[in-house]
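Report on the structure
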Amino acid sequence: MKTQKVTTISQFISEQQQNFPEATGDLSRLFLDIILAAKIVNRDIRRAGLVDILGTHGSINVQGEEVKKLDVIANEEFISALSLGGDCCAILSEENEDIVRIKNPHSNKSKYIISIDPLDGSSNIDVNASIGTIFSIYKRISNVYEEVTMDDCLQKGENQIAAGYIIYGSSTMLVYTTGNGVNGFTLDSSIGEFCLSHPNIKIPETGKIYSVNEGNFNEFPEGVKNYINYCKQIDKASKRPYSARYIGSMIADFHRNLLRGGIFIYPPTNKDPNGKLRLMYECNPLAFIAEQAGGTASTGYERILEVLPEKLHQRVPLFTGSKQMVELAVKMFQENTIQSF
Ligand code: P6P
């Protein structure tokens, strides 16, 4: 029987590293730290219903939202794996108000900074819907051994060395880019390895899915309302009406649209003129992946990757997905909106 070649993520990373003779192996080791934490978080999520780790942790995070126990656990597990691995010098996490500076001799000489949302979509934990981890990797600007600065953490998305996400869904997948395309790996629990399952992911130029929380429709700018109404019009030539798909967990919506084509929108609203999503650990990493897969990502005013960050937990509006869909949505948005931020 012909055995199919299985490429584990470790083999893939090692093969990729061969293309860079000057590589020291630090980035590869950092990826292995992330992968270890992802396997641990996956284990905890898969048994969440059996062990008392569901439900509200009781504390309130820096976003002013109730923190679920798994949020706290996931954050602790990623920080622990990254700290013990010693391959990054600081972490910017959704769950921590300030920069987490890693204090160990090995980390002080590391050149990498991680920006992470340890468990996005946490409101879906208790109802067994897909959730995810989102991360970015940057090179520090300051010199190694020096104290990590705010400027090290507040870099434009176009400075990302790598970005990725783990989606804990019907299967657990890790999707990432280092700027040379996007590849997806599915966790084979029988061997405890992420295996290459989606090589060289490309998002279709257009699609038939739009993802937005229409419950906020009356809060949206006119241009966004016009685009949503465009998606609903009957027009066979352009395969409209499109299908509305919105699960309330961005990773799940983003991943589906990445594979099938579609657009995800979290627009400005009257209540939140900068939208809800965080630039540094939600929008930037997904924008890098979207662009590397042939798609696009915009705030509605500018390319996400060109936004100059001012605050660690800064929010920006997000239009991302299939290039043609995002370009039309942004055009309609701009035709009816005066920049409010
Ligand atoms: P709303 C989850 O809290 C999240 O950050 C994203 O994963 C998700 O797309 C969005 O918020 C949902 O927000 O306002 O539509 O419930």
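What counts as what
- Residues numbered from 1 in each chain as written.
- Predicted model: local features only at pLDDT ≥ 70, side-chain atom pairs only at ≥ 80, totals over all residues.
- Heavy atoms only, no water.
- Helix = DSSP H or I, 4+ residues; strand = E, 2+ residues; numbered from the N terminus.
- Rg over C-alpha atoms; globule rule 2.2 N^0.38 Å.
- Contact = heavy atoms within 4.5 Å.
- Areas by Shrake-Rupley, 256 points an atom, 1.4 Å probe, with all protein chains shown as cover.
- Near = heavy atom within 4 Å.
- Polar contact = N/O pair within 3.5 Å; in protein donor to acceptor, adjacent residues only side chain to side chain.
- Nonpolar A, V, L, I, M, F, W, Y, C, P; charged D, E, K, R; others polar.
- Axes fitted to C-alpha atoms, helices over the stretch in contact; angles between N-to-C directions.
- Parallel < 35°, antiparallel > 145°, perpendicular 65-115°, else oblique.
- Salt bridge = Lys/Arg side-chain N within 4 Å of Asp/Glu carboxyl O.
- Domains from an automatic or database assignment.
- Buried area = accessible area lost by both parts, 1.4 Å probe.
- Buried < 20%, exposed > 50% of the residue type's maximum accessible area, 1.4 Å probe, protein only.
- Pairing = 2+ DSSP bridges.
- Core = buried A, V, L, I, M, F, W, Y, C linked by side-chain atoms within 4.5 Å.

Structural notes on the overall build of the protein chain
Across its full length, the protein chain carries 9 helices and 15 strands. Taking 2.2 N^0.38 as the reference for a compact globule, 341 residues should give roughly 20 Å; the C-alpha atoms of the protein chain span a radius of gyration of 20 Å, in line with that estimate. Over its C-alpha atoms, taken along the principal directions, the protein chain stretches across nearly 60 × 55 × 45 Å. The long-range fraction of contacts in the protein chain, counting pairs at least 24 apart against all pairs at least 6 apart in sequence, stands at 64%. Of the accessible surface of the protein chain, which amounts to about 15200 Å², a share of 50% is contributed by carbon and sulfur atoms.

With respect to the site of the ligand
Looking at the ligand, the residues that line it are Asp120, Gly121, Asn213, Tyr246, Gly248, Ser249, Met250, Phe264, Tyr266, Lys276, Leu277 and Glu282. The contact in question runs from an oxygen atom of the ligand to an N or O atom on the side chain of Asp120, over 2.6 Å. Between the ligand and Asn213 there is a distance of 2.9 Å, counted from an oxygen atom to a side-chain nitrogen or oxygen. A per-class count over the shell around the ligand returns 5 nonpolar, 4 polar and 3 charged.

Concerning the packing of helix α7 (residues 250–260) against helix α8 (residues 279–292)
Angle between the axes and distance between the axes: these two values describe a pair of packed helices. Where α7 contacts α8, the two axes come as close as 12 Å, and the packing angle between them is 10°. On the basis of their axis angle, the class for α7 and α8 is roughly parallel. Facing α7, whose interface residues are Met250, Ile251, Phe254 and Leu258, α8 presents Glu282, Leu286, Ile289 and Ala290. Here the residues of the contact of α7 with α8 are counted per class, giving 7 nonpolar, no polar and 1 charged.

Describing the pattern of salt bridges
Evaluation of the coordinates by the stated rule reveals 19 salt bridges. The residue Glu222 makes a salt bridge to Lys225 at a minimum N-O spacing of 3.4 Å. With Glu222 and Lys225 both in helix α6 (residues 222–232) and 3 residues apart, this pair spans about one turn of that helix. Note that Glu335 is salt-bridged to Lys331, the shortest N-O span being 2.9 Å. Here Glu335 pairs with Lys331, and both are found in helix α9 (residues 323–335), just 4 residues apart, close to one helical turn. Linked by salt bridges that have partners in common, Lys156, Glu158, Glu291, Arg303 and Glu306 make up one network.

Let's talk about the domain arrangement of the protein chain
The domain boundaries assigned to the protein chain delineate domain 1 (9–198) and domain 2 (209–340). Across the contact, 49 residues belong to domain 1 and 33 residues belong to domain 2. By the criterion of area lost to domain 2, the three top residues of domain 1 are Ile134, Leu154 and Tyr165, representing 20% of everything that side buries. Summed over the shared surface of domain 1 and domain 2, the number is 1 salt bridge. One salt bridge in this structure joins Arg303 and Glu158, with 3.7 Å as the shortest N-O distance. Between the two partners, domain 1 and domain 2, sit 11 residue pairs in polar contact (both at pLDDT 80 or more). Among the secondary structure elements, those contributing two or more residues to the side of domain 1 that touches domain 2 are β3 (90–93), β5 (112–120), β6 (131–139), α5 (150–153), β7 (162–168) and β8 (172–177).

Some points on the pairing of strand β9 (residues 182–188)
Most of β9 sits inside the fold, with 5 of its 7 residues counted as buried. In terms of strand pairing, β8 meets β9 through 5 bridges, oriented antiparallel. Along β9, the bridge assignment pairs Val175 with Gly184. If you look at the hairpin formed by β8 and β9, you'll find 4 residues sitting between the two strands, and Gly179 has a positive phi there, around 95°. When β9 meets strand β10 (residues 193–198), the two strands line up antiparallel, connected through 5 bridges. What sits directly across from Asp188, in β10, is Glu193. Count of turn residues in the β9/β10 antiparallel hairpin: 4 residues, of which Gly192 carries a positive phi of about 65°.

Re the nonpolar core
Judged by nonpolar contacts, the single largest core of 43 residues is most densely connected at Tyr165, Leu258, Ile304 and Leu318. When residues of this core are traced back to their parent elements, those giving at least two are β3, β6, β7, β8, α7, β13 (263–266) and α8. Counting residues per element, this core draws most heavily on α8, at 9 residues. Summarising the domain contributions, this core has at least three residues from each of domain 1 (9–198) and domain 2 (209–340).

With respect to the sheet that holds β10
In any sheet, the strands associate via hydrogen bonds between backbone groups, in a parallel or an antiparallel arrangement. Reading across from one edge, β4-β3-β5-β6-β7-β8-β9-β10 is the order of the 8 strands in this open sheet, with mixed pairing throughout. Each edge of the open sheet is held by one strand with a lone partner, namely β4 (100–101) and β10. With 2 bridges connecting them, β3 and β4 associate as antiparallel partners. Of the residues in β4, the one forming a bridge with Ala90 is Arg101. Lying on the sheet, α8 is in contact with β3, β5, β6, β7, β8 and β9; it crosses β6 at an angle near 85°.

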